[in-house]
Amino acid sequence: MSKPTTYPRLSTEAMRLHADNAADRPVIIALTDHRITFTATGRARMEQILNDTCAAIVYSDFFTPDGNGTNFNTNRLIKYQTGSLRDDFDFGHIVAVNPAMLRQAVSEITDNFNAAGWYDLRLRLSRLGEIIHIPENLYTATPIVRSDDKTGEESQFSYVDPRNRASQIEMEQAVTSHLRALNALVSSKGHTPLDFEKDSFPVEASVIIPVRNRHLTIADAVNSALSQKTSFSFNVIVIDNHSTDGTSEILAAMATTEPRLKIIDTTICEGAAPGIGGCWNLGIHSDFCGRFAIQLDSDDIYNRPDTLQLIVDKFYEQNCAMVIGSYSLTDFDGNPLPPGLIDHAEWTDENGPNNALRINGLGAPRAFFTPVARRINFPDVSYGEDYAMGLAINRKYRIGRIYESLYSCRRWKGNSDHALSQERINANNFYKDSIRTFELAARIRN
């Protein structure tokens with residue numbers, strides 16, 4: 001007897017096999033090779049909700065055993081939204097799928113993806129019915145440990161690993177088809193032209209640095225900006241957001257000898273301290289702000305003296321409303337960390353605005369044509385504010401890219417994204433999905 005043909009778990013052919021074998025009962029699709037053990041009524045509960053709601057897909061929270069296998073941890077997932085378009089959305093380890101919708105969706109598939117089969121299928125299913133999260137632990141997932149498992153920074157940035165380029169292309173094709181079906185594609189030929197000379201500004205460029213309690217790093221950040229070599233005038237605007245650890249005193253001392261350093265103290269504003277987005281709004285709307293506003297985080301540094309020059313030149317070369325560079329991951333002392341360069345080379349001028357809805361970030365450093373940024377404004381949050389601005393900009397305007405490393409992103413225990421709890425990660429991901437939901441609605445409407 002011949003051995004049955006097997007396919008990669010998440011491939012299109014694997015999805016076709018699920019459809020071919022589907023009867024009338026909900027189809028359970030395993031998304032990983034974890035060993036799954038349903039609770040006593042877990043499978044029945046999953047199937048009941050799928051049938052009662054006529055959903056396309058249901059997924060649930062789950063247990064995982066601890067290292068000894070004697071205690072079990074709860075894994076909470078987040079609700080699916082129409083903007084949950086990122087290809088790494090966490091459904092857990094299994095989903096239950098409506099068999100009739102599964103057969104219909106698979107019958108309409110024309111691509112034959114090796115890595116993006118499940119992604120393509122769930123996007124198609126989302127157009128046929130709801131995708132529902134069940135906030136109950138319905139199964140236990142026991143991992144099978146492999147020697148090549150990645151952890152830490154390398155895992156976090158695996159989606160920009162050049163070794164994964166073929167998979168990235170497949171994912172982009174799938175989301176582009178989905179956006180086309182929703183009438184939400186952005187055309188690369190429809191960019192609104194910009195007149196950079198229309199308004200006057202005190203300087204050509206401003207480096208914007210929001211900061212709160214970074215006495216160990218703020219001087220490095222400011223000095224890396226002030227030491228830039230340019231053919232134009234620039235300044236550095238630091239928004240000091242209620243610092244209490246000596247950061248304010250360091251900045252005040254630096255400003256006594258450096259007239260290009262401008263400090264905005266948020267304690268003079270009424271109400272609660274703003275988020276990072278609110279700090280950015282204070283910066284871009286200030287009288288100090290230049291024609292172009294360029295980002296620098298308070299614990300990072302520009303790693304070359306011509307960073308500002310390269311960014312401003314790109315604005316004029318491509319008539320961009322936003323320019324995004326590339327950065328290198330390092331430790332606090334500047335030693336490289338894997339995977340090294342983060343260049344977001346998945347971006348293309350032809351399809352970048354559409355593919356941007358699939359990925360979870362746009363890169364850094366980010367720079368904005370100030371009049372456009374002033375019209376849109378940043379959401380007053382401390383996560384995803386730049387992503388929201390980027391999506392809104394590339395709906396109408398061109399974004400320029402620089403693929404050389406301009407910036408060192410220093411990872412250390414003081415980072416705001418260091419050792420995040422699962423609750424915080426879920427909140428961050430839910431917010432970015434919300435941003436994509438808003439953006440998707442805007443694109444469909446336009």
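Residues numbered from 1 in each chain as written. Predicted model: local features only at pLDDT ≥ 70, side-chain atom pairs only at ≥ 80, totals over all residues. Heavy atoms only, no water.

(A) Layout of the UniProt feature "domain: Glycosyltransferase 2-like" (unreviewed entry) in the protein chain. Feature annotation in UniProt places "domain: Glycosyltransferase 2-like" (unreviewed entry) on residues 206-339, given in this structure's numbering. Helix makes up 29% of residues 206-339 and strand 28%, whereas the separation of the span's terminal C-alpha atoms amounts to 30 Å. (UniProt positions renumbered as here; feature names shortened; annotations may be inferred. Helix = DSSP H or I, 4+ residues; strand = E, 2+ residues; numbered from the N terminus.)

(B) Structural detail: the packing of helix H1 (residues 12-20) against helix H3 (residues 99-107). In the contact formed by H1 and H3, the axes pass within 9 Å of each other and the chain directions differ by 135°. Comparing their axes, H3 and H1 come out oblique. As H1 runs across H3, the sense of the crossing is left-handed. In contact with Met15, Arg16, His18 and Ala19 of H1, H3 contributes Leu102, Arg103 and Val106. The residue inventory of the contact of H1 with H3, partitioned by class, reads 4 nonpolar, 1 polar and 2 charged. (Axes fitted to C-alpha atoms, helices over the stretch in contact; angles between N-to-C directions. Parallel < 35°, antiparallel > 145°, perpendicular 65-115°, else oblique. Left-handed = near helix turned anticlockwise from the far one by under 90°. Contact = heavy atoms within 4.5 Å. Nonpolar A, V, L, I, M, F, W, Y, C, P; charged D, E, K, R; others polar.)

(C) Structural detail: the environment of Ser405. Examined against the element boundaries, Ser405 turns out to sit in strand E15 (residues 399-411). A C-alpha to C-alpha distance of 30 Å links Ser405 and Asn426, two positions 21 residues apart in sequence. When sequence neighbours within four positions are dropped, the list of residues in contact with Ser405 reads Asn303, Arg304, Ser326, Tyr327, Ser328 and Leu341. A polar contact is formed between the side chain of Ser405 and the side chain of Asn303, at a distance of 2.9 Å. (Polar contact = N/O pair within 3.5 Å; in protein donor to acceptor, adjacent residues only side chain to side chain.)

(D) Main features of helix H10 (residues 307-318). Counted at 1.5 Å a residue, the expected span for H10 with its 12 residues is 16 Å, and the 17 Å between its end C-alpha atoms agrees. Turning to H10, its buried residues are Thr307, Leu308, Gln309, Ile311, Val312, Lys314 and Phe315. (Expected span 1.5 Å × (residues − 1). Buried < 20%, exposed > 50% of the residue type's maximum accessible area, 1.4 Å probe, protein only.)

(E) Representation of the pattern of salt bridges within the structure. With the rule as written, the count across this model stands at 20 salt bridges. Among the salt bridges present, the one from Glu258 reaches Arg260, with a minimum N-O distance of 3.0 Å. Take Arg260: its relative accessible area is 28%, and that puts it in the partly exposed class. Its salt-bridge partner being Asp386, residue Arg366 comes within 2.8 Å of it at the nearest N-O pair. Of the two residues, Arg366 is situated in strand E14 (residues 366-369) and Asp386 in helix H13 (residues 385-394); the sequence distance between them amounts to 20 residues. Note on Arg366: relative accessible area 11%, which makes it buried. Residues joined by salt bridges that share partners form a network here, namely Arg86, Asp88, Asp433 and Arg436. (Salt bridge = Lys/Arg side-chain N within 4 Å of Asp/Glu carboxyl O.)

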